[in-house]
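Structural description and commentary
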Amino acid sequence: DITNARIIFSVKSELNDPLPLIQKTSDTATQVLITQPKGGLAEIYLVPADTQNLDSTVDYIFDVWVVTVSGERFPVVSPSLFRVKDTVTRIPL
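Attention here is on the structure that accompanies the text. The numbers attached to residues start from 1 for each chain and follow its sequence in the written order. Totals for whole chains, interfaces and linings use all residues, but because this is a predicted model, local features are given only for residues with pLDDT of at least 70 and pairs of side-chain atoms are given and counted only at 80 or more. Only hydrogens and water are set aside when side-chain values are computed; all heavy atoms of the structure are taken into account.

1. Re the overall build of the protein
- Helix and strand counts for the protein stand at 1 helix and 6 strands.
- Secondary structure elements follow DSSP: runs of H or I of four or more residues count as helices, runs of E of two or more count as strands, with numbering from the N terminus. Written out in order from the N terminus, the α and β elements of the protein read β-β-β-β-α-β-β.
- When contacts within the protein are restricted to residue pairs at least 6 apart in sequence, long-range pairs at least 24 apart make up 45% of them.
- Using a 1.4 Å probe, the Shrake-Rupley method yields the accessible areas, and only the shown protein chains count as cover for residues. About 6700 Å² of surface is accessible on the protein, with carbon and sulfur atoms providing 55% of the total.
- Charge counting treats Lys and Arg as positive and Asp and Glu as negative, with His and both chain ends excluded. We put the charge of a Lys on NZ, of an Arg on CZ, of an Asp on CG and of a Glu on CD. If the 8 positive side-chain charges of the protein are averaged to one point and the 11 negative ones to another, these points end up 2 Å apart. Residue contacts follow a heavy-atom distance rule, with two residues in contact if any of their heavy atoms lie within 4.5 Å.

Right, dumping it as structure tokens:
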């Protein structure tokens, strides 16, 4: 149950980097939306601007945390591979 919890999604180059390259939180519904609070489900939204400066030849690391109303913190996705792929279709401007 993640009712009224805060979801935090972060992407870094290295685990020990002080600042994330991308960070999304449920503080902003256009970034992370808790879709089924009782079921523990949320959607994390990435847009092209989030990844446009990332290198498609580099492997990045991401994780997801939940912060409950009482302040408890839980990693719900442990550090995992985050990879940006090149596009296939090129649409002229």
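Back to the write-up after that little detour.
2. A word on the pattern of salt bridges
- A carboxyl oxygen of Asp or Glu within 4 Å of a side-chain nitrogen of Lys or Arg is what we treat as a salt bridge. For the coordinates displayed, the defined rule picks out 4 salt bridges.
- Note that R83 is salt-bridged to D59, the shortest N-O span being 2.7 Å. In this pair, R83 is assigned in strand β6 (residues 73-83) and D59 in strand β5 (residues 59-67), connecting sequence segments 24 residues apart.

3. A closer look at the sheet that holds β5
- Strand order in this open sheet of 4 strands is β2-β1-β5-β6, and the pairing throughout is antiparallel. Taken across any chain shown, the strands that pair with only one partner, and hence form the sheet edges, are β2 (22-25) and β6. Taking the axes of each pair of neighbouring strands and ignoring which way they run, one obtains an average angle of 15° across the sheet.
- Taken together, the 8 bridges between β5 and β6 define a ladder with antiparallel strand orientation. From the neighbouring strand, V64 faces β6, where its bridge partner is V77. In this description, strands pair whenever DSSP reports at least two bridges between them. Only the stretch in contact is used when a helix axis is fitted, and all axes are lines through C-alpha atoms; the angle between N-to-C directions ranges over 0 to 180 degrees.

4. Observations concerning the side chain of K24
- Its location among the elements puts K24 in strand β2.
- Using a 1.4 Å probe on the protein chains alone, a residue whose accessible area is under 20% of its type maximum counts as buried, one over 50% counts as exposed, and one in between counts as partly exposed. Judged by relative accessible area, which is 7%, K24 ranks as buried.
- Among the polar contacts made by the side chain of K24, one reaches the main-chain carbonyl oxygen of Y45 at a distance of 3.4 Å.
- Think of a polar contact as two N or O atoms within 3.5 Å of one another; within protein, one of them needs to be a possible hydrogen donor and the other a possible acceptor, and neighboring residues in sequence only count if both atoms come from side chains. Here the side chain of K24 touches D50 through a polar contact of 2.8 Å, side chain to side chain.
- Discounting residues that sit within four places of it in the chain, K24 has contacts with I7, I8, F9, Q31, V32, I44, Y45, L46 and D50.

5. With respect to unusual backbone geometry
- One non-glycine residue with positive phi stands out, namely N4, at about 60°.
- Taking the relative accessible area as the measure of exposure, N4 reaches 66% and is therefore exposed.

Interpretation in functional terms is not warranted from these geometric data alone.
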